[in-house]
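# Report on the structure
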Amino acid sequence: MTVQELPGAGASHRSTPPPAWSPRTDPAPLLPDPEPYRVLGTPAADGLDPELMRRCYAELVRGRRYNAQATALTRQGRLAVYPSTVGQEACEIVAALVLQEQDWLFPSYRDTLAAVARGLDPVQALTLLRGDWHTGYDPREHRIAPLSTPLATQLPHAVGLAHAARLRGDEVVALAMIGDGGTSEGDFHEALNFAAVWKAPVVFLVQNNGFAISVPLAKQTAAPSLAHKAVGYGMPGRLVDGNDVAAVHEVLSEAVRRARSGGGPTLIEAVTYRMEAHTNADDATRYRGDAEVEAWKAHDPVDLLERELTARGILDAEGIEAAKEAAEQMAAALRERMNADPVLDPMDLFEHVYAEQTGRLREQADMLRAELEAEEQS
């Protein structure tokens, strides 16, 4: 029915023919490969960079030991909670390695290892999970946004920062990390939509570790893959084996280069697996079986890389031992520092709330200061 045919339509109303329709973007180049991209164990491994792979191996071993030590600290009461990334170390390490100094990392609550690999002090990375400060570090110092406990809220922030940097002419790329559960949040949609429309220099890295706490991916989405969601926003989607450190490095590096050169955002789904429970407060045996976990242990990212590098003569027994020793030294230092009780000042409640304190905040600070002084004198 045209406007003219509508009841009450006058002669002044004329029907408007629909505009000619054509796709804004050819969808074919945006679609991911049907299978996750792999390098290790394939002919593509012939082109491995020995120096880069040895560095990745050392970082993976260090990351695995960091996860083990942090988990132990929760059992000792030194951490309130710890979301382990055992099994996901390849994604965590590479996310830090592909960024330049001026770039920004936007982690989720699970991505402490990525923050440490980027240069953040391990104790500062655990401060939020210790329950001391909301963020135990200055985000500007290492260009690492605060660890995001609410799901997906860091993604629009990453887009905003990247878009602002592009408007200023700064060659800054933002890499935003998220789990498969976070893709079910509205912030995920909003961030990807704005990033694609603005061609913001952002890379979205989805670590699909199989479960959003206890909810498997099949109960979250009917899409062929999470990477396929990219085409709906007009950006490329890439599907990669998240336990293959060489493949993750190649795919992420390509996406970062594309973003930096003005090509816009990329959505990457790294297929990996959470070997341990969601956190130390979770009982994973209630929603998955031991056989499934054991099957994924055969695809362990540390073992995959070690086998490939030793078979190619890139890594020897001395290199393996050196990586383990460096990891133990890191764990010992972390253990010693975390065993010291933190010195807490209640007046810190009023720090970093506003650039300039409001009158009401000053009144509250004065009130607390008076109470503390009264306690000391009593």
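All figures in this text were calculated on a predicted structure; none of them were measured in a lab.

Moving on, we get to the overall build of the chain. The number of helices and strands found in the chain is 13 helices and seven strands. On the principal axes, the C-alpha backbone points of the chain span a range of 85 × 65 × 45 Å. Within the chain, the fraction of its 378 residues that count as buried is 46%. Long-range contacts, defined here as pairs at least 24 residues apart, represent 75% of the contacts in the chain between residues at least 6 apart. For the chain, the exposed surface amounts to about 19,200 Å²; the carbon and sulfur share of it is 51%. Treating the 36 positive side-chain charges of the chain as one cloud and the 55 negative ones as another, the clouds have centres 4 Å apart.

Quick look at the packing of helix H1 (residues 50-75) against helix H11 (residues 301-311) now. Where H1 contacts H11, the two axes come as close as 10 Å, and the packing angle between them is 150°. Judged on the interaxial angle alone, H11 and H1 are roughly antiparallel. In the packing of H1 onto H11, the handedness of the crossing is left-handed. Across the interface between the two elements, Met53, Arg54, Cys56, Tyr57, Leu60, Val61 and Arg64 of H1 pack against Pro301, Val302, Leu305, Glu306 and Leu309 of H11. Its residues placed into classes, the contact of H1 with H11 shows nine nonpolar, no polar and three charged.

Grouped together as the largest cluster of nonpolar side chains are 67 residues, with contacts concentrated most on Tyr57, Tyr66, Leu126, Leu175, Val203, Leu252 and Leu305. Here the element with the most residues in this core is helix H9 (residues 245-260); it accounts for nine residues. With 28 residues, the next largest nonpolar core counts Trp104, Ala165, Leu192 and Leu267 among its residues.

Okay, helix H8 (residues 186-198) next. Taking 1.5 Å of rise per residue, the 13 residues of H8 would be expected to cover 18 Å, and the 18 Å separating its terminal C-alpha atoms lies within 8% of that figure. For H8, every residue scored as buried is listed here: Phe188, Ala191, Leu192, Ala195 and Ala196. Each buried residue of H8 lies within a common arc of 120° when the element is viewed along its axis, so the set occupies one face. Check the buried side of H8 and you find it contacts helix H7 (154-168), strand S2 (174-179), strand S3 (202-208) and strand S7 (266-271).

Moving on, we come to the sheet that holds strand S1 (residues 104-106). Taken together, the five strands give an open sheet; going across it, the order is S1-S2-S3-S7-S6, and neighbouring strands pair in parallel fashion. Both edges of this open sheet fall to S1 and strand S6 (237-241), since each of them pairs with a single strand only. The average angle at which neighbouring strand axes cross in this sheet is 20°, direction not considered. Relative to S2, S1 runs parallel, the two being bridged by three bridges. Note on S2: the bridge partner recorded for leucine 105 is leucine 175.

What follows deals with a nonpolar patch on the surface. Judged by side-chain polarity, Phe194, Val197 and Trp198 come together as a nonpolar surface patch covering roughly 300 Å² of accessible area. As for its position among the elements, phenylalanine 194 is in helix H8.

For the rest of this paragraph, the subject is the side chain of threonine 266. Among the secondary structure elements, threonine 266 is positioned in strand S7. On the accessibility criterion, threonine 266 (3% relative accessible area) is buried. A distance of 3.4 Å separates the side chain of threonine 266 from the side chain of arginine 258, its partner in a polar contact. Setting aside its immediate chain neighbours within four residues, threonine 266 contacts Val202, Val203, Phe204, Met235, Pro236, Arg238, Ala255 and Arg258.

Turning our eyes to something else, we now look at the pattern of salt bridges. Oppositely charged side chains may form a pair once their charged atoms are brought near each other. Throughout the structure, instances matching the rule amount to 16 salt bridges. Residues arginine 78 and aspartate 341 are paired through a salt bridge, measuring 2.7 Å at the closest nitrogen-oxygen approach. With arginine 78 in the loop between H1 and helix H2 (89-97) and aspartate 341 in the loop between helix H12 (317-338) and helix H13 (359-377), the pair connects residues that are 263 residues apart, well separated along the chain. As a salt-bridge pair, aspartate 103 and arginine 260 come within 2.7 Å of each other at their nearest N and O atoms. Taken together, the residues span a long stretch of sequence, with aspartate 103 in the loop between H2 and S1 and arginine 260 in helix H9 at a distance of 157 residues. Aspartate 103 gets classed as buried once you look at its relative accessible area, which sits at 0%. Within this structure, Asp46, Glu308 and Arg312 form a network of salt bridges that share partners.

Our next topic: the packing of aromatic side chains. Applying the stated criterion across every chain yields a total of five aromatic pairs. Relative to tyrosine 287, the ring of phenylalanine 211 lies with its centre 5.3 Å away and its plane at 55°, an arrangement referred to as tilted. With a gap of 76 residues between them, phenylalanine 211 in strand S4 (residues 211-212) and tyrosine 287 in the loop between S7 and helix H10 (290-297) connect regions that are remote in the sequence. Tyrosine 287 shares its class with phenylalanine 211; the two are buried. The interplanar angle of 5° and the centroid separation of 5.1 Å between the aromatic rings of tyrosine 273 and tryptophan 296 together place this pair among those described as stacked. In this pair, tyrosine 273 sits in the loop between S7 and H10 while tryptophan 296 sits in helix H10, placing the two residues 23 residues apart along the sequence. Taking relative accessible area as the criterion, tryptophan 296 reaches 24% and is therefore assigned partly exposed.

Scoring rules and cut-offs
- Residues numbered from 1 in each chain as written.
- Predicted model: local features only at pLDDT ≥ 70, side-chain atom pairs only at ≥ 80, totals over all residues.
- Heavy atoms only, no water.
- Helix = DSSP H or I, 4+ residues; strand = E, 2+ residues; numbered from the N terminus.
- Buried < 20%, exposed > 50% of the residue type's maximum accessible area, 1.4 Å probe, protein only.
- Contact = heavy atoms within 4.5 Å.
- Areas by Shrake-Rupley, 256 points an atom, 1.4 Å probe, with all protein chains shown as cover.
- Lys, Arg positive; Asp, Glu negative; His and termini not counted.
- Charge placed at Lys NZ, Arg CZ, Asp CG, Glu CD.
- Axes fitted to C-alpha atoms, helices over the stretch in contact; angles between N-to-C directions.
- Parallel < 35°, antiparallel > 145°, perpendicular 65-115°, else oblique.
- Left-handed = near helix turned anticlockwise from the far one by under 90°.
- Nonpolar A, V, L, I, M, F, W, Y, C, P; charged D, E, K, R; others polar.
- Core = buried A, V, L, I, M, F, W, Y, C linked by side-chain atoms within 4.5 Å.
- Expected span 1.5 Å × (residues − 1).
- Arc of directions from axis to C-beta.
- Pairing = 2+ DSSP bridges.
- Patch = residues over 30% accessible without salt bridge, like charges linked within 9 Å, V, L, I, M, F, W, Y side chains within 5 Å.
- Salt bridge = Lys/Arg side-chain N within 4 Å of Asp/Glu carboxyl O.
- Polar contact = N/O pair within 3.5 Å; in protein donor to acceptor, adjacent residues only side chain to side chain.
- Phe/Tyr/Trp six-rings, centres within 6.5 Å; stacked < 30°, edge-to-face > 60°.

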